[in-house]
Amino acid sequence: MKSSLSISLKLVLTMFLSAFVAYAIGLYSILPWWSFVITNFFIAILFGQKPINSFLAGALGIGLLWLVLILIMDSQNQHLLSTKVANILPLNGSYAKLIVITSLIGFLLGGFASLTGSLIRKPKEV
Amino acid sequence: MRLLSLLVSAVVTIALLIVLNTQLSIGTTKTPKLGYFLSPQQGFWKNAEKINDNFDATILSSDLKGNVDVYMDDRLVPHIYADHDEDAYFVQGYLHAKYRLWQMDFQTRVAAGRLSEIAGADKLSIDRFFRRLGMVYGAAQTEQYINEHNPIMKATVEAYTKGVNAYLKQLAPADMPFEYKLMNYTPEEWTPLKTYLFLMFMSYDLTGRSATADLQLTNTKEFLGYDLFTKLYTNQQDSLDPIIPKGTVFAKPSIIPIQPESADSLYFKKEGSPHSVASTQKSPEAPDKNNGSNNWAVSGTKTKSGRPILCSDPHLGLNLPSLWYEVQITTPTHSTYGASFPGSPAVIIGFNDSVAWGVTNAGRDVLDYYEIKFKDSAQKEYWYNGKWETTTNRQEIIKVKDSADVIENIAMTHWGPTMFDWHYQNPQSKGRNLAVKWTGHNASTGVETFYKLNRAKNYDDYINAISLWKCPGQNFVFASKNGDIAIKQQGSFVARWEHQGDFIMPGEDSSYDWKGIIPNEENPMIKNPLRGFVSSANQKPVDPSYPYYLGTAGSFPLYRGISVNKRLAEMDQITAEDMQHLQTDNYNVFAQVARPALHKFIDPEILSPEANRMIALMDNWNLYNNENEKGITVFKLIWDSVENAVWGDELAKSPIPLTKPESFVLLDQMNKDTNWVIADNIDTKEKVETLKDQVNLGVEKATKVLLQLERAGKLNWSNFKATRVSHLTKIEALSRMNLPIGGGVNIINATTDTHGPSWRMVVHLTDEIEAYGLYPGGQSGNPGSPFYDTFINYWASGKYYRLLFLPKEKLMANERTKWHIQFKTI
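A quick note: this is a predicted structure, and the numbers were derived from the prediction, not measured. (Residues numbered from 1 in each chain as written. Chains lettered and ligands numbered in written order. Predicted model: local features only at pLDDT ≥ 70, side-chain atom pairs only at ≥ 80, totals over all residues.)

A.B. asks: Tell me what's going on with the overall build of chain A, and back it up with residues and numbers.
C.D. replies: In terms of helices and strands, chain A carries 5 helices and 0 strands. What you see in chain A, going N to C, is helices and strands ordered as α-α-α-α-α. Summarising its shape, the C-alpha atoms of chain A cover approximately 50 × 30 × 20 Å along the three principal directions. Looking at chain A as a whole, 48% of its 126 residues are labelled buried. In chain A, once contacts between residues fewer than 6 apart in sequence are set aside, the share between residues at least 24 apart is 76%. (Helix = DSSP H or I, 4+ residues; strand = E, 2+ residues; numbered from the N terminus. Buried ≥ 20, exposed ≤ 12 C-beta atoms within 10 Å, placed from the backbone. Contact = placed C-beta atoms within 7 Å.)

Below, the structure is given as structure tokens:
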């Protein structure tokens, strides 16, 4: 059986679950910033999906969570700090690039964490 | 297949995680942990403050005796109303921490020699310098003294400490200041020692220049030979307008310091011995030579209102966050407003409902080196007064990030710590064993001076408050509502014979020791002078009839004081606005004298057309260092170039940097002796250059640079000067660069590229107190806050804010009052 992407309710639900749990855990800054790697991993183990679906659920869950949070904080701040950081990092002062890079980090790390979890389960036929 | 995929996926996940959670090295710096730094719930995004945020809050603490109300005005200045003094200082600590935590931490780390702990081995030299200089030692002396003898100050500093720590206890890691996240470390608890370390830092900033200057001057004397040295490094300042007017009669001195008989051979004419240099460490930059300030007070006889006006503007490095934090503190015992130091309780420069005060640096020499003869490299014994004395060992441990601890073993002598020995040398110390004696090492209750000034009601209270002041020596200016004005240079000043302490002194016997500390009553001071004003601008406090030696002329800028006194003498019917104009005055008194002096030698016939064009620009200039003037740029580059031409070849032959002679020395010679032989460039053996040759040569060399500047559009003064207010890490993105402001060295508006009026204050002692002030920064130290650099534009354009100083009910109702922070005791 080919493992191809099929947008299912399960994908969407695990995406929201990953995001929600990551956000809730993230409220406790005593825990490390990468705690979502652990939670994504376990969510993927619990809710078996095709690996590609799992990757996307985890990637979009974290990537979009981060994007939304950042867009809110950044616009409330009128890009004051993001512009400065985009000058400290070699981004030529572009806060847009900074937002993209940040979201990309969440996307990739969240995705691979979920992918790893999904590959631990025994392969299931859909 | 699946197992392989699993392994690959796991490896990628872990690899990503590691890269994003590690500081990556780029050159000498490290990036932040990128995943952490960019994460929305913990990283820098959390410091992106909402514009138009609401700062109302309620804070509960069992450390408070009563409730405290804090009202924030629209500049984010807190007005603290407390029923108990200690509660006010608790809240001051809390607010300092809330708005300036990282700065407090960073500045005390520098003083404590703990930069390597967060920044790595690169900073080790600097840390070792401060440890060996005795910064921690001095702070510990003060802490011990206050704990044993001064219960009120102990309680004050402890209350302040509790306030800082109360803020820290409730601080979630996600809300840590930006710089901690950038540099990857975390805040630590505040202690009273840190407050004393901060005050040591100010002592170093204002008196520690000697630690470098004394070595450099000794090396210069040895290099040039004493006879040539005395010609170029004279202390005679004929045009001096001292702080205490010329002709004032001074009391007979109670100490008569006499130069030891051996001084000629062992001190003045001593030649440098060829020591091998064990290792050379980088030194931190010596405190800026321009660290200084202006202050003055005009009496009611010269003001429009008949009430005195007091002004104070300290000149320090221009940094973000600013050294200063504005605050009002009102308790049943007193009500005061002014600039405070994050790191210390009380108001430092300010006013209360009866008096106003301000400070400028005295610049007196209070730090000396003594050369030590150790018995051997174990350094347990040293030769003193005919026998071997024992040293004690002081161990300081320096933690180094990503590396092993470094242990400093410092041999403590009766003079003070052995700063340089075979363990630690820099290019200036030339292999010598040197112990350092510094008034900064002695316990001082400096914080009590401010505590008392905050509560002073009259002249007697002011004198009483400053009588405790030891280090760094300051010129305290004073004015009161009831009409008194006064100025006193106060500190622990050493009773010196002429030139004692300019150079390294022999440390093998007591004959070169300090002869005593000048009693307070003999320190220069004046009250209600006939001329109707008092002032200081770091010039020598007295004329040569004063019976004690002050230090080398290089420590006492000559020209700003001349400008200030000339203007104050001329002025009448003075208003607060007139004083604002004076504080921001750009007139160049030095150029007024130097330009015609240059013209005695400038020969248009031998100069190129472009050089003549530049000379014309300089001549058409109105002598004001205003931002758009070009003539000042031309003048400055020409003068610097002429100085280089005259001094250059002599000094450049030295492998280590030497002290440059003062500008007034060259200026005096230009006015007196057009055939001065020192101008001879010894590299060109055929002819003997005269001053005329050197001046015209200097003009041509300057012209080359000026033409380049002109082409780049940088000939006008503010573009050339490029004044900037730099973040403490020097990161440009966090700094404000290229500010449109004039001024400069020797100017009342003493703004150079990195240095200038770090606080400007004008206080008109009317019944309501009409006060104005600002500093080039903002009340919030958070680069993500709109309050980070709020005042900089106003400051650059010479404007001022009206300072709100009101009783609680009036302040609550004021239209500028925006937020309320309630502290409640539980």
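A.B. asks: So what about the overall build of chain B? Which residues, and what values?
C.D. replies: In terms of helices and strands, chain B carries 24 helices and 31 strands. Rg of the C-alpha trace for chain B: 28 Å, near the compact-globule value of 28 Å for 826 residues, within the 12% margin. Over its C-alpha atoms, taken along the principal directions, chain B stretches across nearly 85 × 80 × 65 Å. Within chain B, the fraction of its 826 residues that count as buried is 53%. Of the contacts made within chain B by residues no fewer than 6 positions apart, 72% connect residues no fewer than 24 positions apart. (Rg over C-alpha atoms; globule rule 2.2 N^0.38 Å.)

A.B. asks: Requested: an account of the sheet that holds strand S20 (residues 474-480) of chain B, with residues and values cited.
C.D. replies: Where strands meet in a sheet, backbone hydrogen bonds hold them as pairs that are either parallel or antiparallel. All names here are of chain B. Strand order in this open sheet of 11 strands is S3-S31-S4-S5-S9-S10-S11-S12-S20-S21-S23, and the pairing throughout is mixed. Every other strand in the sheet has two partners, leaving strand S3 (57-61) and strand S23 (525-527) as the edge strands with one partner each. Each neighbouring strand pair of the sheet contributes to a mean axis angle of 15 degrees, computed without reference to strand direction. Summarising the sheet, strand S10 (residues 334-340) and strand S11 (residues 349-352) pair through 4 bridges and their orientation is antiparallel. Looking at S11, one finds that Thr336 is bridged to Asn352. Strands in contact with helix H3 (residues 85-112) are strand S4 (68-73), strand S5 (78-82), strand S9 (325-331), S10 and strand S31 (817-825); relative to S9, the strand with the most contacts, it is inclined by about 160 degrees. (Pairing = 2+ DSSP bridges. Axes fitted to C-alpha atoms, helices over the stretch in contact; angles between N-to-C directions.)

A.B. asks: Give me the lowdown on the interface of chain A and chain B, citing residues and values where you can.
C.D. replies: Each partner contributes residues to the interface: chain A has 32 residues there, and chain B has 34 residues. Only helix H3 (51-76), helix H4 (80-88) and helix H5 (95-120) of chain A provide two or more residues apiece to the side of chain A that touches chain B. Of all the elements, H5 of chain A adds the most residues to the side of chain A that touches chain B, at 10 residues. A class-by-class count of the residues in the side of chain A that touches chain B yields 21 nonpolar, 9 polar and 2 charged. (Nonpolar A, V, L, I, M, F, W, Y, C, P; charged D, E, K, R; others polar.)

A.B. asks: Run through the domain arrangement of chain B, naming residues and quoting values.
C.D. replies: All names here are of chain B. Assigned domains of chain B: these are domain 1 (1-281 + 293-585 + 757-826) and domain 2 (589-721). Of all the elements in the fold, those that place two or more residues in the side of domain 1 that touches domain 2 are helix H10 (210-224), helix H11 (226-232) and helix H15 (559-570). Here the side of domain 1 that touches domain 2 gets 7 residues from one element, more than from any other, and that element is H10. Looking at the side of domain 1 that touches domain 2 residue by residue, the classes come out as 11 nonpolar, 8 polar and 2 charged. (Domains from an automatic or database assignment.)

A.B. asks: Tell me what's going on with the pairing of strand S12 (residues 355-361) of chain B, and back it up with residues and numbers.
C.D. replies: All names here are of chain B. Burial analysis of S12 places 7 of its 7 residues in the buried class, the great majority of the element. Both S11 and S12 contribute to a ladder of 2 bridges, which runs antiparallel. Residue pairing in the sheet places Phe351 in a bridge with Ala356 of S12. The hairpin formed by S11 and S12 contains 2 residues between the paired strands. Of the pairings in the sheet, the one linking S12 to S20 comprises 7 bridges and is antiparallel in character.

A.B. asks: Residue-level account of the nonpolar core, with values.
C.D. replies: Counting residues in hydrophobic clusters, the biggest one holds 166 residues, and the most contacted among them are Val91, Met135, Ala297, Ile309, Phe478, Val762 and Val763 of chain B. The element that contributes the greatest number of residues to this core is H3 of chain B, accounting for 15 residues. In contact with Ile309 of chain B, not counting residues within four places along its chain, are Ala297, Val298, Thr303, Ile574, Ala576, Met579, Val762, Val763 and His764 of chain B. In terms of nonpolar packing, the next biggest core, distinct from the first, is built from 41 residues, Trp66, Leu69, Met73 and Ala113 of chain A among them. (Core = buried A, V, L, I, M, F, W, Y, C linked by C-beta atoms within 7 Å.)

A.B. asks: Describe the environment of Ile62 of chain A, and please don't skip the residues or the numbers.
C.D. replies: All names here are of chain A. Inspection of the secondary structure puts Ile62 in helix H3. Separated by 40 residues in sequence, Ile62 and Ala22 have C-alpha atoms that sit 7.4 Å apart. In this structure, Ile62 is in contact with Ser18, Ala19, Ala22, Phe36, Asn40, Gly106, Phe107, Leu109 and Gly110, ignoring residues within four places of it in sequence.

A.B. asks: Mind laying out the packing of helix H2 (residues 35-46) of chain A against H3 of chain A, listing which residues take part and the relevant values?
C.D. replies: Residues and elements named next belong to chain A. At their nearest, the axes of H2 and H3 sit 11 Å apart, and the two run at 145 degrees to each other. Here the hand of the crossing between H2 and H3 comes out right-handed. Along the contact surface, H2 presents Phe36, Asn40 and Ala44, while H3 presents Ser54, Gly58 and Ile62. (Left-handed = near helix turned anticlockwise from the far one by under 90°.)

A.B. asks: Break down the sheet that holds strand S25 (residues 723-727) of chain B for me, with residues and values.
C.D. replies: All names here are of chain B. Here we have 3 strands laid out as an open sheet, ordered S8-S25-S26, and mixed in their pairing. What marks the edges here is a single partner per strand, and that holds for strand S8 (319-320) and strand S26 (736-739). Taken together, the 2 bridges between S25 and S26 define a ladder with antiparallel strand orientation. Paired with Thr723 across the bridge in S26 is Leu739.

A.B. asks: A description of unusual backbone geometry should follow, citing residues and the corresponding values.
C.D. replies: Residues Leu320 of chain B and Pro321 of chain B are joined by a peptide bond in cis, for which omega reads -15 degrees. Turning to its location among the elements, Pro321 of chain B is positioned in the loop between S8 and S9. A positive phi angle is found at Gln78 of chain A, which is not glycine, with a value near 55 degrees. By the secondary structure assignment, Gln78 of chain A is in the loop between H3 and H4.

A.B. asks: Go over helix H1 (residues 9-26) of chain A, please, and point to the residues and values.
C.D. replies: All names here are of chain A. Taking 1.5 Å of rise per residue, 18 residues should cover 26 Å, and H1 covers 25 Å from first to last C-alpha, within 8% of that figure. By the burial criterion, the buried members of H1 are Leu11, Thr14, Met15, Ser18, Ala19, Ala22 and Gly26. For H1, the angular spread of buried residues about the axis comes to 135 degrees, placing them on one side. Set apart from the buried face of H1 by more than 90 degrees, the exposed residues are Leu9, Leu13 and Ala24. Contacts made by the buried residues of H1 are with H2, H3 and H5. (Expected span 1.5 Å × (residues − 1). Arc of directions from axis to C-beta.)

A.B. asks: Describe in detail helix H7 (residues 151-169) of chain B, supporting the description with residues and values.
C.D. replies: Residue and element names in this part refer to chain B. The first and last C-alpha atoms of H7 sit 26 Å apart over 19 residues, in line with the 27 Å expected at 1.5 Å per residue. Among all positions in H7, only Met153, Thr156, Val157, Glu158, Ala159, Tyr160, Thr161, Gly163, Val164, Ala166 and Tyr167 are buried. At its buried positions, H7 is contacted by S3, H3, helix H6 (135-149), helix H9 (192-207) and helix H13 (446-455).

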